[in-house]
Amino acid sequence: MLQRTINEKIVFDGIGVHTGLKSTVILLPAGVDHGIVFKNPNFPEESIRLGEVVPEIALHASVLKSKSFIVSTIEHLIAALSAFRVDNIIIEMESLEVPILDGSCSTFVNLIKKAGIKECSVDKIFLTPVKELRFNDLKLDREIIVAPAANKEDNTFDCSLYFNYIAEFEHPLVGKGSLRGSLTTDYFINEIAAARTFGFLEQLAFLRRNGLAKGSSLGNTVVVGEDEFLNTPRFEDEFVRHKLLDLIGDLGLLGKNLAGTITAKKTGHSFNRLVILDYIKNPENWIQIK
Ligand SMILES: [Zn+2]
């Protein structure tokens, strides 16, 4: 498979879910081996290249920092780029947050489809662990297992990403659910992209007191009340699908497409970051394959 970028510039804007402020993002095509790079025009000498930066510990968004600027709530955009297997792109923004739009990846998918994907002439590089990696949080019963890409009969690697995601919530309206399959672009577009951000009404006051969720509304968040949804879900298991979407976005912070099998249970941004932390701190645990 060849390296990919977008065919033409994409511009979009909207409100940040946490800041409540308007934000404009420009996506620009980039050349071979450039990687996925955030730029802020106010600090032209700095950049944030995915796979080189350990995500911040943040509960409600994926956050990366350089010396002078921060990019936040990047997970849905990165999930869409990852699903389209984009390797090289410049993401330019002056504000702190990627717009939340409708809380899902639908707009990103439509914008990328409209701009088109351009293949470069050089092979894509996938990442896979040398051997199975396990990340556990026994107290909260969370787990991520990353198993290496399998060898095919012709002795090349199977560069697909297989997943088995298990979600469990205490809230009776949400409950338990799981998804299992192979993460193809079509699967993402048809089954995952439209799943929206969700939130529990009982947590909203706490989040707002802590300066978060200032831009959240029924237009971008499925809100779970005590015994009813405040808006209509798009899927029966929209929450499980959105948790998988977030996981795909967070794993996209590796900067290269992951190959292998990921088994994950009850994960969130602060836990998913352990995979990126391992890749950056223990590069000997990982290999690059084509
Ligand atoms: Zn999300």
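Attention in this report is confined to the structure presented alongside it.

About the thresholds
- Residues numbered from 1 in each chain as written.
- Predicted model: local features only at pLDDT ≥ 70, side-chain atom pairs only at ≥ 80, totals over all residues.
- Helix = DSSP H or I, 4+ residues; strand = E, 2+ residues; numbered from the N terminus.
- Rg over C-alpha atoms; globule rule 2.2 N^0.38 Å.
- Buried ≥ 20, exposed ≤ 12 C-beta atoms within 10 Å, placed from the backbone.
- Pairing = 2+ DSSP bridges.
- Axes fitted to C-alpha atoms, helices over the stretch in contact; angles between N-to-C directions.
- Parallel < 35°, antiparallel > 145°, perpendicular 65-115°, else oblique.
- Contact = placed C-beta atoms within 7 Å.
- Nonpolar A, V, L, I, M, F, W, Y, C, P; charged D, E, K, R; others polar.

## Remarks on the overall build of the protein chain
- Along its length, the protein chain carries six helices and 19 strands.
- By the compact-globule yardstick of 19 Å for 290 residues, the protein chain fits well, its C-alpha radius of gyration being 18 Å.
- Referenced to the eigenvectors of the C-alpha coordinate spread, the extents of the protein chain come out at roughly 55 × 40 × 35 Å.
- Split into buried and exposed, the 290 residues of the protein chain put 41% on the buried side.

## A closer look at the pairing of strand β18 (residues 260-265)
- For strand β12 (residues 142-147) and β18, the ladder comprises five bridges, and the chain directions are antiparallel. Across the sheet, I144 pairs through a bridge with A264, a residue of β18.
- Inspection of the sheet shows strand β13 (residues 161-168) paired to β18 by six bridges, in the parallel sense. Within the sheet, the bridge partner assigned to Y162 lies in β18 and is T261.

## Remarks on unusual backbone geometry
- Here D141, not a glycine, exhibits a phi torsion of approximately 60°, which is positive.
- Residue position: D141 is located in the loop between β11 (133-137) and β12.
- Overall, D141 belongs to the exposed group, with 11 C-beta atoms counted inside 10 Å.
- Although it is not a glycine, K266 adopts a positive phi angle of roughly 50°.
- By secondary structure assignment, the location of K266 is in the loop between β18 and α6 (269-281).

## Side note on the packing of helix α1 (residues 75-83) against helix α5 (residues 238-251)
- Relative orientation of the contacting elements α1 and α5 amounts to 80°, with a least axis distance of 7 Å. Judged by the angle between their axes, α1 and α5 are roughly perpendicular. Facing α1, whose interface residues are E75, H76, I78, A79, S82 and A83, α5 presents L245, D246, I248, G249 and D250.
- Within the contact of α1 with α5, the residues separate by chemical class into five nonpolar, three polar and three charged.

## Details of the sheet that holds β12
- The sheet built from five strands is open, its strands ordered β11-β12-β18-β13-β14 with mixed pairing. One side of each edge strand has no neighbouring strand; the edge strands of this open sheet are β11 and β14 (176-182). Averaged over all adjacent pairs, the angle separating strand axes in this sheet is 5°, with direction ignored.
- Pairing of β11 with β12 involves five bridges; the strand directions are antiparallel. Note that in β12 the partner of F135 across the bridge is I144.

## Things to note about the sheet that holds strand β19 (residues 286-289)
- Taken together, three strands build an open sheet; the order of strands is β17-β10-β19 and the sheet is mixed. Each having just a single partner strand, β17 (257-258) and β19 make up the two edges of the open sheet.
- The sheet contact formed by strand β10 (residues 126-129) and β19 spans four bridges and is antiparallel. Following the sheet pairing, L127 is matched in β19 by Q288.

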